Amino acid sequence: MDRRTGRNLRGVEHPDRDEPDDRAHGEGDDDGLDEAGFRTPLPPDDRLWRHPSELDLPMRLREPMRRRGPGVGRVVTSWSTAAVAGLLGAVLAIGVVASTGMLRDEPPIRETVVREMVAPAFAPSSRAGQDSDEAVVRIAADAGPAVVRIEVLGDQDGSGSGVLFRDDGHVLTNAHVVDEADRIMVVLSDGSSFDAELVGSDGITDIAVVKVSRTAPFPSAVIGTAANLAVGQPTIAIGSPLGLIGGSSVTTGVVSALGREVDSREGPPLLDMIQTDAAIAPGSSGGALLDMNGTVIGITTAIAVSQVGAEGLGFAVPIDLATRVGAQIISGGKAVHVWLGIEGRDLDAARAADAGLKGGAEVTDVVRRSPAADAQVAKGDVIVALDGQQVRSMAGLVIALRSRSPGDVIVLTVIRDGQAVDLEAALE
């Protein structure tokens, strides 16, 4: 299989608005036009304005007025008032221009816009059927322009998908989509294509960022959160399957499971994945998984396959992790992962039951001169909490550490000789 169109996993495979307003301009009403195409003015009595030549004034007063005379005080006063108002307006305009820095030679600094969910864009429909269908149509129309197709040229050409998550042209996608690419092209929803450069990628989370080389702004997706997802919650997937021309494809489904660990033949396992039954075909890797509020909750990255083909299950990286990694890549060129310095495994279910535990991460080795070693973590300890947050597995420990930064001091609760012990570790 083309590595760009699908990253092989153990039983899993990686799949990969402003349109111009072309409304026709209707012809105007030609009533009142003379043969030359000019409109005949209304009679003076039907207009609010008068030309001086239409006023019943002596000829000498129809010249540019330099003095007041009988019967023209109102006209002269109006002109003088307009002149003063115009002068004041010009002074105020100059003041505004100067205060905003527009009199300087350098162009104004443009701020990058990231559309994050503050309030639901749409209220989740409480009725099935037509209301739900209309919501999907509305969400697809709003979010579709922010989902792009990524064409990769190199030793092996391929295609994938991406999500514009900033209006300055930064695109979130999967690392396996753009790995070893000689040239990257981004195709927008309106069919226009532009060269893009790889800003950086992170194989641990399978997240990469590319930057479109075109003047901003771009349509950008509304970024939500995966923190409060529930199994059974409706989802919408938007991507560019199989590199098909003509815009993105939209599929619907539900959140099938949360916290999935997906093994990979080409790298470390992907942790804390969102599982969905919304169809994700090869080429949709890097696309958007949205909720019914129209906000992005994940970056689609893999599909489950067996010997008979796709099993109708897709997986997505939680958007909270994807955007955090993306921001690190943009600021420093790479993702930063904290280091604790242990090796471990999930606590055996039988031993957990004997100890009255719901799970834990059993330490099998401690790296010398590591944060864990300095904190006196020992082989055989079972980590059951991090800063009071329950830990039920090694994957759970890794996920909990992802929200920390180098230099953070954490408290590990370990079970040692049947007793709970709190240990402080400074992460590196």
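All of these numbers come straight from a predicted model, not from anything done at the bench.

Asks: What am I meant to see in the overall build of the protein chain here?
Replies: In terms of regular secondary structure, the protein chain is built from 7 helices and 20 strands. Considering the protein chain as a whole, with its 428 residues, one finds that 40% of them fall into the buried category. Only carbon and sulfur atoms are counted for the fraction: they give 53% of the accessible area of the protein chain, which is about 23600 Å².

Asks: What am I meant to see in the sheet that holds strand S7 (residues 193-202) here?
Replies: Two orientations exist for strands paired in a sheet by backbone hydrogen bonds: parallel and antiparallel. Strand order in this closed barrel of 6 strands is S3-S4-S5-S8-S7-S6, and the pairing throughout is antiparallel. Taking each pair of neighbouring strands and ignoring which way they run, the sheet shows an average axis angle of 40°. By the bridge criterion, 6 bridges tie S7 to strand S8 (residues 207-212) in an arrangement that is antiparallel. Counted as the bridge partner of Glu-197 is Lys-211 from S8. Against the sheet, helix H4 (residues 319-332) contacts strand S5 (170-173), S7 and S8, and its axis sits at roughly 55° relative to S8.

Asks: Which parts of the structure should I look at to understand the nonpolar core?
Replies: Counting 49 residues, the largest nonpolar core has Ile-150, Leu-172, Val-178, Val-186, Val-210 and Leu-290 as the members making the most contacts within it. Setting aside residues up to four positions removed in sequence, Leu-290 forms contacts with Ile-139, Ala-143, Pro-234, Thr-235, Ile-236, Ile-238, Thr-295, Val-296 and Ile-297.

Asks: Help me out: how do you make sense of unusual backbone geometry in this one?
Replies: Leaving glycine out, the prevailing phi sign among residues is negative, and the prevailing peptide bond configuration is trans. If you check the backbone angles, Glu-180 has positive phi at about 60° while not being a glycine. Examined against the element boundaries, Glu-180 turns out to sit in the loop between helix H3 (175-178) and strand S6 (183-187). Backbone geometry at Asp-272 places phi at a positive 60°, although glycine is not the residue there. One can find Asp-272 in strand S11 (residues 270-276).

Asks: Looking at this structure, I do not really get H4. What am I missing?
Replies: For an α-helix, 3.6 residues make a turn, and residues three or four places apart therefore share a direction. Relative to the 20 Å expected for 14 residues at 1.5 Å per residue, H4 spans 20 Å between its end C-alpha atoms, a close match to the ideal helical length. Taken residue by residue, H4 has Ile-319, Leu-321, Ala-322, Thr-323, Val-325, Gly-326 and Ile-329 as its buried positions. Downstream of H4 by one or two residues, Gly-333 has phi in the positive range, about 85°.

Conventions adopted
- Sequence positions are assigned chain by chain, starting from 1 and proceeding in written order.
- Local features in this predicted model are restricted to residues of pLDDT 70 or higher, and side-chain atom pairs are both shown and tallied only at a pLDDT of 80 or more, whereas totals for entire chains, interfaces and linings draw on every residue.
- To obtain the side-chain values, all non-hydrogen atoms of the structure were used and water was disregarded.
- Helix numbering and strand numbering both begin at the N terminus, where a helix is a DSSP run of H or I of at least 4 residues and a strand a DSSP run of E of at least 2.
- Three exposure classes are used, based on accessible area relative to the maximum for each residue type with a 1.4 Å probe and protein chains only: buried under 20%, partly exposed in between, and exposed over 50%.
- The accessible surface values rely on the Shrake-Rupley method and a 1.4 Å probe; as for residues, cover is taken only from the protein chains in view.
- Pairs of strands are assigned from DSSP output, requiring at least two bridges between the strands.
- Inter-axis angles, ranging from 0 to 180 degrees, are taken between N-to-C directions of lines fitted to C-alpha atoms, where helices are fitted over the stretch in contact.
- In this analysis, two residues are considered to be in contact whenever any of their non-hydrogen atoms come within 4.5 Å of each other.
- Take the buried residues of types Ala, Val, Leu, Ile, Met, Phe, Trp, Tyr and Cys, join any two whose side-chain atoms come within 4.5 Å, and each joined set is a nonpolar core.
- How far a helix is expected to stretch is found by multiplying one less than its residue total by 1.5 Å.

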